[in-house]
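# Close look at the chain arrangement
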Amino acid sequence: MSKPDFTNDDRFDGLYVNIANQTQGIEPLLDTVFSFLRRKSDFFNGPPGSGENGTENAINTVNAVLQKHADIYLKDKKKREDEIAKREEIKRKEKEKEEAAAAKKKQEMEMKNQPEEDGIIELDADGGFDISQVAEDTKPSVKVEKSEAASNDVCKPAPPNKESGEEDEEEDDTPPPVGNGGTVDGKYVWTQTLQELIINIPLPDNTRGKDVNVTMKKNHLKVGLKNQKDLIVNDDLTNTIIVDDSFWTIEDGNRLVLTFTKLNQMEWWPAVCKSDPKINIQKVQPENSQLSDLDGETRQTVEKMMYDQRQKAMGLPTADEQKKNDILEKFKSQHPEMDFSNCKVNM
């Protein structure tokens with residue numbers, strides 16, 4: 001019959017917890033154990049026949065049991081440390097995997113944002129080709145033959161061509177808007193450039209900055225005086241602004257000046273707020289600008305616009321349309337086995 005194993009027996013835990021709470025210490029706890037053995041048993045006499053070696057045998061027994069539990073503790077400790085190290089290694093590998101995936105995704109996004117030479121052409125349900133979405137987001141590098149006037153000044157956009165068969169619209173004799181802006185009666189006067197929009201709001205004399213409430217959001221404007229219940233302006237903006245680059249000041253103590261930086265700096269606003277009367281942006285007279293004064297991206301965009309205007313005037317394809325045609329021709333040459341007789345190209 002095997003000897004029972006009490007090394008992990010938890011049946012007496014409650015009893016020992018109670019004793020430990022009362023003795024409040026390891027040595028007092030052990031004192032109670034050996035006091036019990038000394039007073040209520042012949043433990044220190046040793047087994048029968050031990051003679052004078054009984055007490056020595058008792059000490060050796062205590063040391064053997066103590067060493068056994070010390071070995072168990074060290075083994076469990078090593079196991080816990082190994083498990084912790086294993087979990088840390090798993091976490092480290094997962095983190096490396098996540099970082100590698102994030103780096104790969106970033107690289108793919110960077111590659112996606114770069115202009116591509118080849119587009120993708122998809123077959124329509126009826127067998128034709130629709131390449132209307134090919135390379136829409138790319139900005140083709142267009143070689144523009146600039147005349148002397150085009151190289152010096154940014155031209156005003158040409159009026160849209162009228163389609164054949166359309167009746168001539170009545171000519172607009174109204175003068176160009178002053179400052180390319182307008183007046184909203186009882187509220188403000190505004191002007192604009194391609195980059196900025198400036199609003200002048202009249203205020204009572206001796207008005208200070210702490211007397212006004214101004215809230216500028218990317219698509220909304222709210223202006224009011226703290227001592228007045230009704231707001232001067234509380235409306236959605238016609239287009240989007242860059243809030244961090246926009247600001248307001250009080251000038252001469254009687255005028256609030258708001259300066260908006262446009263998000264799209266290649267368009268004219270027909271009005272400040274959506275409920276305002278709109279100006280005719282075809283009448284806008286942009287300030288003269290040297291192409292050499294523009295940054296690279298803006299200059300490329302302006303040159304492309306000028307090129308497209310000349311192409312349309314001559315009935316020729318624009319840069320984007322020409323690029324789509326080139327992609328289709330390249331696709332045809334790569335797939336001579338396919339029939340393109342019913343090919344539909346949406347421009």
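Residues numbered from 1 in each chain as written. Predicted model: local features only at pLDDT ≥ 70, side-chain atom pairs only at ≥ 80, totals over all residues. Heavy atoms only, no water.

### Quick look at the sheet that holds strand E6 (residues 212–217)
The pairing of strands in a sheet happens through backbone hydrogen bonds and is either parallel or antiparallel. Spatially, the three strands line up as an open sheet ordered E6-E7-E8, and their pairing is antiparallel. Where the open sheet ends on each side, the last strands, each with one partner, are E6 and strand E8 (233–236). Each strand of the sheet is rotated relative to its neighbour by a mean of 5°, with strand direction disregarded. With six bridges joining them, E6 and strand E7 (residues 220–225) adopt antiparallel strand pairing. Following the sheet pairing, Val214 is matched in E7 by Val223. (Pairing = 2+ DSSP bridges. Helix = DSSP H or I, 4+ residues; strand = E, 2+ residues; numbered from the N terminus. Axes fitted to C-alpha atoms, helices over the stretch in contact; angles between N-to-C directions.)

### So, the pattern of salt bridges
Counting across every chain of the model gives seven salt bridges. Between Asp82 and Lys78 there is a salt bridge whose closest N-O contact spans 3.0 Å. Pair noted here: Asp82 and Lys78 are both in helix H3 (residues 54–113), with a separation of four residues, about one helical turn. A salt bridge links Arg255 to Glu251; the shortest N-O distance between them is 3.2 Å. Salt bridges sharing partners connect three or more residues here, namely Glu89, Arg92 and Glu96. (Salt bridge = Lys/Arg side-chain N within 4 Å of Asp/Glu carboxyl O.)

### Remarks on the packing of helix H1 (residues 13–23) against helix H2 (residues 26–40)
One way to put it is that H1 packs onto H2 with a least axis distance of 8 Å and a crossing angle of 120°. Classified by the angle their axes make, H1 and H2 are oblique. When the axes of H1 and H2 are compared, the crossing they make is right-handed. Taking contact as the criterion, the partners of Ile19, Ala20 and Thr23 in H1 are, on H2, Pro28, Leu29 and Thr32. (Parallel < 35°, antiparallel > 145°, perpendicular 65-115°, else oblique. Left-handed = near helix turned anticlockwise from the far one by under 90°. Contact = heavy atoms within 4.5 Å.)

### Some details on unusual backbone geometry
The backbone phi angle of Gln24 is positive, close to 55°, even though this residue is not glycine. Its place among the elements puts Gln24 in the loop between H1 and H2. Notably, Asp252 is not glycine yet its phi reads approximately 60°, a positive angle. Residue position: Asp252 is located in the loop between strand E9 (247–251) and strand E10 (255–261).

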